[in-house]
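The primary structure of each chain is shown beneath.
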Amino acid sequence: MVHQAERKAEHSSREDGVSRRGFLAASVGAAALAGISWAPAGAVPWGSASTIAPPPGFPSDIPLSQQAYANWSREIMLESVWTATARHSDDVVTLANWAFDNGYTVRAKGTMHGWSPLTVVPGAPSDRVLLVDTMANLNSVVVQHGTPATVTAGAGASIEAILTALEREGLGWANAPAIGELSIAGALAIGAHGATYPAVGETITPGQSYGSLSNLITEITVVAWDEGRNRYGLKTFHRSDDEITAFLTHLGRTFVTSVTLQAGENYRLRCRSFTDIPWQELFAAPGSPGRTYESFVEKSGRVEAIWFPFTQTPWLKVWTPTPVKPPESREVSGPYNYFFSDAIPEEVTTPLGMVAQGLQAATPLFGASQFGAVAAGLALTDTDDLWGWSKDVLFYLRHTTLRVVAGGGAVITKRSNIGRVVHEMTSWLNERMTHYASLGQYPVNMPFEVRLCGVDDSGEVLVDSAGVPDLSAVRPRADRQDWDTAIWMNVVSIPGTAGLPAFLREMERWMVANYSGDYATFRPEWSKGWAFTDQAAYQDDEFLTSTVPATFRAGGDGNWDFALATLDEHDPHRVFSNTFIDRVLPPS
């Protein structure tokens with residue numbers, strides 16, 4: 001049944017419409033109403049009225065300033081932390097050795113687009129932490145034609161800059177995150193992924209991969225301990241080197257200065273949006289007739305559904321490789337074509353403000369307004385059927401998008417289980433949200449999202465390879481070669497929503513228990529929320545120290561322990577770590 005507030009919102013939309021003026025003006029930022037606006041922090045150069053103690057004996061030729069740090073959701077904030085700007089890779093080596101000599105830790109600073117405390121830890125002392133800005137100077141991009149074609153990028157190069165350079169050479173990737181402004185090193189650290197999965201009978205273009213971006217790496221250069229010199233230095237690993245598998249996805253346990261990734265022939269994509277499929281039909285039990293999620297996967301592979309709370313029809317996006325532009329599609333020549341995702345319309349700001357101020361009963365109205373804005377935005381901007389080069393259709397979110405928190409993760413299973421996995425998750429979510437609403441509680445006020453990709457596959461690597469990334473969430477199970485699919489499912493909400501951590505804890509525990517045994521396994525999405533207690537994420541000791549390692553040790557290939565030992569060997573002094581990483585990846 002459609003909630004009364006949703007019916008009211010739909011009625012209002014039919015009578016008044018969502019005006020073009022409302023979309024184009026966006027004069028009141030929803031994030032500001034919610035108290036979660038974000039702006040880059042100003043820098044106070046060393047010696048210019050800085051308010052924290054200067055780092056002792058700091059290299060005088062490396063730029064240093066006092067800056068604030070704020071992650072994506074502003075749940076991790078430091079008012080003042082010393083930040084160095086590396087001019088080249090040798091500066092990072094100098095900083096690592098300075099940190100070793102002076103008892104500091106070094107953390108790479110990219111775009112700060114993440115939730116988890118893998119860079120800095122809230123509440124932990126920051127007086128011995130040095131951030132290093134990689135994006136100002138370590139951002140070169142060079143494409144090399146060969147077999148395979150490759151691209152070598154500095155740690156701070158954005159994914160968008162890399163794919164733009166590849167596109168000019170007729171090259172691309174099958175998989176890419178929705179936000180192109182991420183730094184490549186930051187994305188690789190957490191095994192970033194896209195929503196690319198093969199349709200039935202589709203084979204991967206040589207040089208590309210259906211798995212994580214980390215699976216594309218052919219060579220990586222990091223700062224590593226040299227036992228003979230008793231100093232840190234640069235060390236390059238090739239994909240054939242046994243130790244490289246620990247560095248392909250490393251959770252910030254090393255410092256990457258440059259990386260080389262393979263690429264394949266670029267391709268054209270069509271992206272169609274649907275907003276008229278009832279969720280009961282879309283997320284029906286496996287084998288059901290109609291327009292089901294699994295039926296779209298069979299035909300196109302690349303499918304994402306975004307289901308706003310207490311609404312009846314999700315926003316479904318379906319990407320299909322399409323060499324020739326269909327007559328009904330609109331050709332695009334650049335990315336980020338859903339501008340209504342960034343410029344929040346006036347019709348959404350009022351219920352958002354109500355929810356953010358603690359008026360949780362407005363959640364159904366807010367859900368309806370979010371969906372209404374999407375449906376109207378697609379129509380007003382003629383973006384429900386797009387066609388263009390892969391990156392221009394795959395990138396659809398900007399860093400200006402509303403800041404939210406997220407919980408969920410990846411379910412690793414076999415292809416035939418896709419419909420079952422999604423049906424079970426959405427059925428559970430609907431039942432629990434309905435239950436809490438009956439109690440007057442609304443812990444979730446933003447969408448459920450589901451997308452999928454393949455697992456990391458050595459067969460997609462076109463150079464001699466020692467294996468797939470040890471710590472990638474989409475690493476295959478050694479004992480289950482038929483588990484070839486990763487289904488990403490997340491629930492997002494406004495930071496500070498009453499009851500949200502407890503809800504996500506309940507959901508996380510259910511997912512771990514339900515997707516288990518001979519059916520599937522659940523793994524956290526490293527950059528987002530996990531290890532929930534009733535109060536916060538990243539706090540459940542059992543999940544951090546037992547559940548997470550168990551999901552990687554299952555299958556008996558020893559990759560988890562190998563990765564920890566290898567990362568320790570190349571950074572025995574844990575210069576590239578923090579108190580949270582020390583819990584998740586403890587000394588071996």
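Up top you'll find the structure we're talking about.
Since the structure is predicted, the reported quantities are computational estimates derived from the model, not experimental observations. Per-chain numbering applies: the sequence of each chain, read as written, is numbered from 1 onward. In keeping with the predicted nature of the model, local features appear solely for residues at pLDDT of at least 70, side-chain atom pairs appear and are counted solely at 80 or more, and the whole-chain, interface and lining totals rest on all residues. Excluded from the side-chain calculations are hydrogens and water; all other atoms, namely the structure's heavy atoms, are used.

Enquirer: Explanation requested: the packing of aromatic side chains in the structure shown.
Expert: Any two aromatic rings considered together are summarised by their centre-to-centre distance and by the angle between their planes. Any pair of Phe, Tyr and Trp rings, taking the six-membered ring for Trp, is counted once the centres come within 6.5 Å. Such a pair is stacked with planes under 30 degrees apart, edge-to-face with planes over 60 apart, and tilted for the rest. The final tally for this structure, using the stated rule, is 31 aromatic pairs. Measuring from centroid to centroid gives 4.9 Å for Trp225 and Tyr232, while their planes differ by 70°, and the two rings are edge-to-face. Each residue's exposure class comes from its accessible area (1.4 Å probe, protein chains only) as a fraction of the maximum for that residue type: buried when under 20%, exposed when over 50%, partly exposed otherwise. Given a relative accessible area of 1%, Tyr232 falls into the buried group. Measuring from centroid to centroid gives 6.5 Å for Phe339 and Phe340, while their planes differ by 65°, and the two rings are edge-to-face.

Enquirer: Would you take a moment to explain the side chain of Asp456 for this structure?
Expert: Helix and strand assignments come from DSSP, with helices taken as H or I runs of at least 4 residues and strands as E runs of at least 2, each series counted from the N terminus. Within the element layout of this structure, Asp456 appears in the loop between β18 (448-454) and β19 (485-493). The sign given to each residue is positive for Lys and Arg and negative for Asp and Glu; His and the chain ends receive no count. Any Lys or Arg side-chain nitrogen found within 4 Å of a carboxyl oxygen on Asp or Glu counts as a salt bridge. Buried charge Asp456 goes without a salt bridge, the closest partner of opposite sign being Arg239 at 7.0 Å. A polar contact of 2.7 Å, which involves the side chain of Asp456, links it to the side chain of Ser472. Apart from the residues lying within four places of it in its own chain, the contact partners of Asp456 are Gly211, Ser212, Asn215, Val468, Pro469, Ser472, Val474, Arg475 and Pro476. Within 3.5 Å is the distance limit for a polar contact, defined as a pair of N or O atoms, with the added protein rule that one can donate a hydrogen and the other accept it, and that residues adjacent in sequence qualify only through two side-chain atoms. Note on contacts: a residue pair qualifies if any of its non-hydrogen atoms lie within 4.5 Å across the two residues.

Enquirer: Looking at this structure, I do not really get helix α5 (residues 159-168). What am I missing?
Expert: Each full turn of the α-helix corresponds to 3.6 residues, which orients residues three or four apart in the same direction. Those residues of α5 that fall on the buried side of the exposure criterion are Ile159, Ile162, Leu163, Ala165 and Leu166. Down the axis of α5, the smallest arc covering the buried residues is 155°, so these residues share one side. In this structure, the buried residues of α5 make contact with β6 (141-144), β7 (149-154), β8 (171-172), α6 (184-189), β11 (256-265) and α12 (390-394). Downstream of α5 by one or two residues, Gly170 has phi in the positive range, about 75°. When we speak of the arc, we mean the arc of directions from the helix axis to the C-beta atoms.

Enquirer: Just to check I follow, could you spell out unusual backbone geometry for this structure?
Expert: The phi torsion of most residues other than glycine is negative, and most of the peptide bonds are trans. The amide bond that connects Thr147 to the next residue, Pro148, takes the cis arrangement and shows omega of 5°. Positive phi outside glycine occurs at Asp382, with the angle close to 55°. Following the sequence through the fold, Asp382 ends up in the loop between α11 (363-380) and β16 (385-389).

Enquirer: I keep staring at helix α4 (residues 89-102) and nothing clicks. Help me out?
Expert: Working rule for helices: expected span equals 1.5 Å times residues minus one. Across its 14 residues, α4 extends 20 Å between first and last C-alpha, which sits within 8% of the 20 Å expected from 1.5 Å per residue. Buried residues of α4: Asp91, Val92, Val93, Leu95, Ala96, Asn97, Trp98 and Ala99, and no others. Contacts from the buried residues of α4 go to β3 (77-85), β4 (105-109), β5 (129-133), β9 (217-226), β10 (231-238) and β11. Positive phi appears at Gly103, one or two residues downstream of α4, with a value of about 75°.

Enquirer: Would you mind going over the sheet that holds strand β20 (residues 521-524) with me for this structure?
Expert: Remark on secondary structure: sheet strands pair via backbone hydrogen bonds, oriented parallel or antiparallel. Taken in spatial order, the nine strands make up an open sheet running β15-β16-β12-β14-β13-β18-β19-β17-β20, and their pairing is mixed. Where the open sheet ends on each side, the last strands, each with one partner, are β15 (330-331) and β20. Any two strands between which DSSP finds at least two bridges are classified as paired. By the bridge criterion, four bridges tie strand β17 (residues 405-413) to β20 in an arrangement that is antiparallel. Looking at the pairing, Gly409 lines up with Pro524 of β20. Docked against the sheet, helix α14 (residues 500-514) engages β17, β19 and β20, running at close to 5° with respect to β17. Lines fitted to the C-alpha atoms define the axes, with helices restricted to the stretch that makes contact. Angles between their N-to-C directions range from 0 to 180 degrees.

Enquirer: Looking at this structure, I do not really get the environment of Val143. What am I missing?
Expert: Tracing the chain through its elements places Val143 in strand β6. Note: C-alpha distance between Val143 and Ala153 (ten residues apart in sequence) is 8.7 Å. If we ignore the near neighbours within four places in the chain, the residues touching Val143 are Thr150, Val151, Ala165, Leu166, Glu169 and Leu171.

Enquirer: Got a minute to help me understand the environment of Trp483 in this structure?
Expert: Here Trp483 shows up in the loop between β18 and β19. Residue classification places Trp483 among the buried positions, given a relative accessible area of 1%. Between the alpha carbons of Trp483 and Val411 there is a distance of 10.0 Å; along the sequence they are 72 residues apart.

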